[in-house]
Amino acid sequence: MAENRHEKLGLTDDQVLEMYRIMLTARKVDERMWLLNRAGKIPFVISCQGQEAAQVGAAFALDRDKDYVLPYYRDMGVVIAFGMTVKELMLSGFAKAEDPNSGSRQMPGHFGQKKNRIVTGSSPVTTQVPHAVGIALAGKMEKKDFVSLVTFGEGSSNQGDFHEGANFAGVHKLPVIFMVENNKYAISIPVERQLACEKVSDRAIGYGMPGYTVDGNDPLEVFEVVKQAAERGRNGEGPTLIEAVSYRLTAHSSDDDDRTYREKEEVDEARKKDSIITFGNYLRSLDILTEDIEKQMNEEITDLVNEATDYAENAPYADPESALKYVYEE
Amino acid sequence: MAENRHEKLGLTDDQVLEMYRIMLTARKVDERMWLLNRAGKIPFVISCQGQEAAQVGAAFALDRDKDYVLPYYRDMGVVIAFGMTVKELMLSGFAKAEDPNSGSRQMPGHFGQKKNRIVTGSSPVTTQVPHAVGIALAGKMEKKDFVSLVTFGEGSSNQGDFHEGANFAGVHKLPVIFMVENNKYAISIPVERQLACEKVSDRAIGYGMPGYTVDGNDPLEVFEVVKQAAERGRNGEGPTLIEAVSYRLTAHSSDDDDRTYREKEEVDEARKKDSIITFGNYLRSLDILTEDIEKQMNEEITDLVNEATDYAENAPYADPESALKYVYEE
Amino acid sequence: MPVISYIQAVTQALREEMQRDEKVFVLGEDVGKRGGVFRATDGLYDEFGADRVLDTPLAESAIAGVGIGAAMYGMRPVAEMQFADFIMPAVNQIISEAAKIRYRSNNDWSCPITIRAPYGGGVHGALYHSQSVEAVFANQPGLKIVMPSTPYDVKGLLKAAVRDPDPVLFFEHKRAYRLIKGEVPEEDYTLPIGKADIKREGSDITVITYGLAVHFALQAADKLAEEGIDVHILDLRTVYPLDREAIIEAASKTGKVLLVSEDNKEGGIISEVSAIISENCLFELDAPVQRLAGPDVPAMPYSPTMEKYFMINPDKVEKAMRELAEF
Amino acid sequence: MPVISYIQAVTQALREEMQRDEKVFVLGEDVGKRGGVFRATDGLYDEFGADRVLDTPLAESAIAGVGIGAAMYGMRPVAEMQFADFIMPAVNQIISEAAKIRYRSNNDWSCPITIRAPYGGGVHGALYHSQSVEAVFANQPGLKIVMPSTPYDVKGLLKAAVRDPDPVLFFEHKRAYRLIKGEVPEEDYTLPIGKADIKREGSDITVITYGLAVHFALQAADKLAEEGIDVHILDLRTVYPLDREAIIEAASKTGKVLLVSEDNKEGGIISEVSAIISENCLFELDAPVQRLAGPDVPAMPYSPTMEKYFMINPDKVEKAMRELAEF
Ligand SMILES: Cc1ncc(C[n+]2csc(CCOP(=O)(O)OP(=O)(O)O)c2C)c(N)n1
Ligand SMILES: Cc1ncc(C[n+]2csc(CCOP(=O)(O)OP(=O)(O)O)c2C)c(N)n1
Ligand SMILES: [Mg+2]
Ligand SMILES: [Mg+2]
């Protein structure tokens, strides 16, 4: 039996089970999206696969009734944890009018849902970083005690907006958590041809904030460091930079073919550390994820995904002329 | 008598005297520009005062027949060392047609002179940083062994272009020397409200390069570290980040009034460390800058500045219609 | 009514909006203690403190981006770009983000930010402190671009911009700052963004312009009036999206139209004005729609000779008006 | 002559220019081993190696800025922006730097860079993978903007861009990449940047357009020909600076002009075309100059219904042509 690590972090058995359920839900939605794409039913998929642990670990470390998240396109785990439903995700995948993220104006993965404090995002990478700083600034001005969590890929940490946003947060000691999901690739470019530093967290000192690199396949490690960062933020101690290292298990997107630039062996090796397996094993070895629970969970999620798929597939497209709406306030 | 420090660095007495001469020349040209500005004869001045030691120390550490410099607007010391004449500087100050930097299209301080490998610069800060990387890249592709030196203020190190350029140079191990002239202010903003890091050189590790912070009032300290950086660059060991700390002795520019945001006492204190005084004293104490030499040097420089002023004042303006030239190759 | 300068109108508008609404705050380079390099935020730091008159690091993309984040949260940020020329690093935040936030979220989120910047030439500012940059943004639905000409318009439109639920770029002519003075009421008022304004009624020729050039046109019109040429002057005020009705009406009124802009000629705001007229008023026109603008060189040079050659001025406007009147 | 696709013409031009001149090199995101996300640089990595087909970090301002530095040194960089939508972070480098280097240095320095980017919609690309961005840059003297419509033009103009002594933005329509095929000679040739091209001679109405819309116009013209309406089609090819003579000639030829663009309507390239016509051809016109363009919304949505609503297509062009012919 493995050592119980989550208790020390203040997490109950129910909570870790819930974390696992969300990770698994994200994975299953993602897998379904690929099937639908290959069947010609949805035009585009971009995956969370391999990053669910970091996403759900981070989300659980926040106050999901108060804090703001600025996810990037892979963060299905974050947005499910923050309240987006599987049906809503499927509506987005099928580009249907009811998609709450964008009313089917944006591709899937471009999350946004105000009622859940999921801040609308775009395609050009890293633009959300200064937004997270601005939201934290607003909170500070209004004497609120929320924090903002912004995520992005390791490649995206090379954009100027990362640098400018991080320094701004550092100077003004704002409660922002910058979390890099280092999945070792930016499309075809491996991390060592993307970044000259050893760890992305090495950049933290340049902005006067602490930096941590953690195992992104371990939701508990991520939970712990994000929890501390959120506390620092709420205490007025400023921002934190966190790097969660995992691996991108799929091609970059449904338009990509990763066999042209990386070896199958490398991917297979990474699959062994897949958090769905490793965190599942942790929970199994502690008898938290029992056979019964697992069976039931699988069934529930599958039902959810099936229903959502059916619903979304049959849902109506937006009216053509609705393309004219909401350029400005109406 | 002070300890002789320059010999160990491989600098002869003549060379350090020449360094001092260029520092003093830059200072005197700058002082004259202010007088001319106050007399209503030239519309704008932006100063090198307080940064001459770093500029000349760095320039002397390079191969001035081979290396490229991408100076910023305060770098009169750099460009004089690289071959720009006092007359040329005055032509630029007076906005006369013969200004070699821009044919009087740009304000003074916007240096550029191809024959001396002084790369043309603009007003938006930090854009020159990626250019320096591109020039180093070209050199590497062509198997040349020159390095490029790019300078900018500490405030400007917050621009995205610094981050993007530095990381690019780091990944591709290019022979670039990034030198921050930290003069403690960006217009009215003191460094501690500009940067969240303790030292700008703390940013180096984020780009996988060594970073050094040195006394920018000491041309020998700057010389030493830039010399090493140039060697690293030529040996294919990649870029270096150097921070030279001094103080901006004048207002930001002739349009600024620094009394609105900083105390006279602070400026007076900084004046005591003025390199023109301290490096002068070093040379005097070693009997290198004797009374005779100093007198003669002062006279020569004053004559040079006088002649240049007269020449530039009487030189013709550009033809109005020449504004239409050189938008594209002609 | 008190007479104040163009820049005083900026400061007054900001002060009053900050007093009116706690969610309004100012951010930018040197806007705090220094009160801005042009002193547009003069006194605000003392009145509202460092938190609401926020000196930022030197990074325009962050100034815009942090402001956008705060605006999405529900604040009313007024970001200053020190010179319009230095808005370029923030283009991605403005075009990809601010302009598209409402649309891309299907009206779930919005971005009520105002971005102010001094633009324009004739101040020995050389290539990078003289530019007109509006054309870069004047094709981005979701944005509004305001370029006022008088203190009255500045104050009313800046207040409207701050209260606007969508992003507004507010470009102030830096040479107008101290040169242009005018009456401004003491009571609170706003002016409608998106509406052009007739600055002079006339019947012989129509001049459509904006910014400092409005004053050049007014001066030239006074001269031509002595010769019996009666000039109608429309001040666009909002250059994007344009006030099509006002343009069509003004062009149709005289059938002879001169468009004036300080910006380069090709691809400027007045090209769109011309296209609107062409689409709608062809059979009302008695002469080709003329454009007077800067030459197509990158920007105006530093040297006084070349700067003067580039800049439009009352004489150039007068000459173009006379030629059109005589057509 | 061999028939190749639009994207093959891109690749051929790059390969041949790299073979011809050692100073030519390619840089961008995923251009190396991956051969580009659209495979425009397919095979170049194997032929020329990692140094001349340079995978860069994910940072567009650096891609442009490093390219500009190399160009100032004397190289001939061809930078790729992965999508035109992602050129926005590089706007400062392109507008403040590339465009102004020759001018600001009084001809001492120059910047012979080519910046390629796939633009345009109709590929389910949604808001940020469908945009036309040319209008952002089409008011910046010092730049040239090329937007070819056929494989022949692509190859000849891309080669000309690489050899051009000044910065060229080269926008390739991503839907044309595999859709449009055409004959391309095997011998080396270039086409003149700055020159429009008559794609169809006709005498009843004139259509002026560029990019993929040229093909829509040609298709529509074939249909109208059956009804006896003879359409003249001018392909701008270079959208900045515009070929004024060719525009004036084409407009004057029929007196009825339809301008077509996939971009939003207000402030686009065709506004300037209209202004040129208005200034020069007023008395040759038999109908108002019409514009057919995308609606003024930020960009085309993802959902197929709304995307189709936004995009121009042969039917919309045909309808607008017929209306004009019947005017
Ligand atoms: C500004 C910008 N440039 C280019 C792209 C195209 N693009 C989309 S994702 C991507 C790679 C991102 O890599 P990384 O940041 O590591 O995130 P990952 O996809 O690996 O999670 C690129 C180049 C983009 N979306 N935005
Ligand atoms: C992109 C950009 N933004 C703003 C300015 C206006 N500006 C000119 S110098 C300056 C301060 C620069 O400070 P620093 O980098 O520390 O250099 P210093 O002047 O102190 O040498 C500012 C804000 C500019 N030139 N470019
Ligand atoms: Mg990645
Ligand atoms: Mg400084």
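Here's a quick rundown of the structure. All values reported here derive from a predicted model rather than from experimental measurement. (Residues numbered from 1 in each chain as written. Chains lettered and ligands numbered in written order. Predicted model: local features only at pLDDT ≥ 70, side-chain atom pairs only at ≥ 80, totals over all residues. Heavy atoms only, no water.)

Within the structure, ligand 1 sits among 21 residues, and Y72, Y73, S156 and Y185 of chain A together with E60 of chain D are positioned closest to it. Looking at the residues close to ligand 1, they fall on chains A and D. A distance of 2.7 Å separates an oxygen atom of ligand 1 from a polar atom in the side chain of Y73 of chain A. Here an oxygen atom of ligand 1 sits 2.6 Å away from a polar atom, N or O, in the main chain of Y185 of chain A. Considered on its own, ligand 1 offers 580 Å² of accessible surface; in the complex 97% of this is hidden by protein. Along the lines of polarity and charge, the residues of the shell around ligand 1 split into nine nonpolar, eight polar and four charged. (Near = heavy atom within 4 Å. Polar contact = N/O pair within 3.5 Å; in protein donor to acceptor, adjacent residues only side chain to side chain. Areas by Shrake-Rupley, 256 points an atom, 1.4 Å probe, with all protein chains shown as cover. Nonpolar A, V, L, I, M, F, W, Y, C, P; charged D, E, K, R; others polar.)

All names here are of chain A. Distances from the magnesium ion (ligand 3) to its protein donors, E154 (OE), E154 (OE), N183 (OD1) and Y185 (O), fall at 2.1 to 2.6 Å. For the magnesium ion (ligand 3), the six donor atoms in the first shell make angles of 52 to 177° at the metal, so the coordination geometry reads as irregular. Look at where the donors of the magnesium ion (ligand 3) fall in the sequence and you get E-x28-N-x1-Y. Of this pair, E154 sits in the loop between strand 2 (148–153) and helix 6 (160–171) while N183 is found in the loop between strand 3 (176–182) and strand 4 (185–186), placing the two residues 29 residues apart along the sequence. (Donors = N, O, S within 2.8 Å, 3.2 Å for Na, K, Ca; no water. Tetrahedral: all angles 85-135°; square planar, octahedral: opposite > 155°, others 65-115°. Helix = DSSP H or I, 4+ residues; strand = E, 2+ residues; numbered from the N terminus.)

Turning to the environment of N92 of chain D, a few remarks are in order. Looking at the secondary structure, you find N92 of chain D in helix 4 (residues 91–97). Overall, N92 of chain D belongs to the buried group, its relative accessible area being 5%. Taking the C-alpha atoms as reference points, N92 of chain D and E17 of chain D, 75 residues apart in sequence, are found 28 Å from one another. Other than its neighbours up to four places away in sequence, N92 of chain D contacts P124 and T127 of chain B, M88 and P89 of chain C together with E97 of chain D. Among the polar contacts made by the side chain of N92 of chain D, one reaches the side chain of S96 of chain D at a distance of 2.8 Å. (Buried < 20%, exposed > 50% of the residue type's maximum accessible area, 1.4 Å probe, protein only. Contact = heavy atoms within 4.5 Å.)

Turning next to the sheet that holds strand 4 (residues 76–80) of chain C. Residue and element names in this part refer to chain C. If you walk across this open sheet you meet the seven strands as 3-2-4-5-7-6-12, and the pairing is mixed. If you trace the sheet from one side to the other, it starts and ends with strand 3 (53–55) and strand 12 (238–240), each paired once. If you compare each strand with its neighbour and ignore which way they point, the axes differ by 25° on average. Note: strand 2 (residues 24–28) against strand 4, five bridges, orientation parallel. Of the residues in strand 4, the one forming a bridge with V26 is V78. Lying on the sheet, helix 1 (residues 6–20) is in contact with strand 2, strand 3, strand 4, strand 5 (114–119) and strand 7 (168–173); it crosses strand 2 at an angle near 130°. (Pairing = 2+ DSSP bridges. Axes fitted to C-alpha atoms, helices over the stretch in contact; angles between N-to-C directions.)

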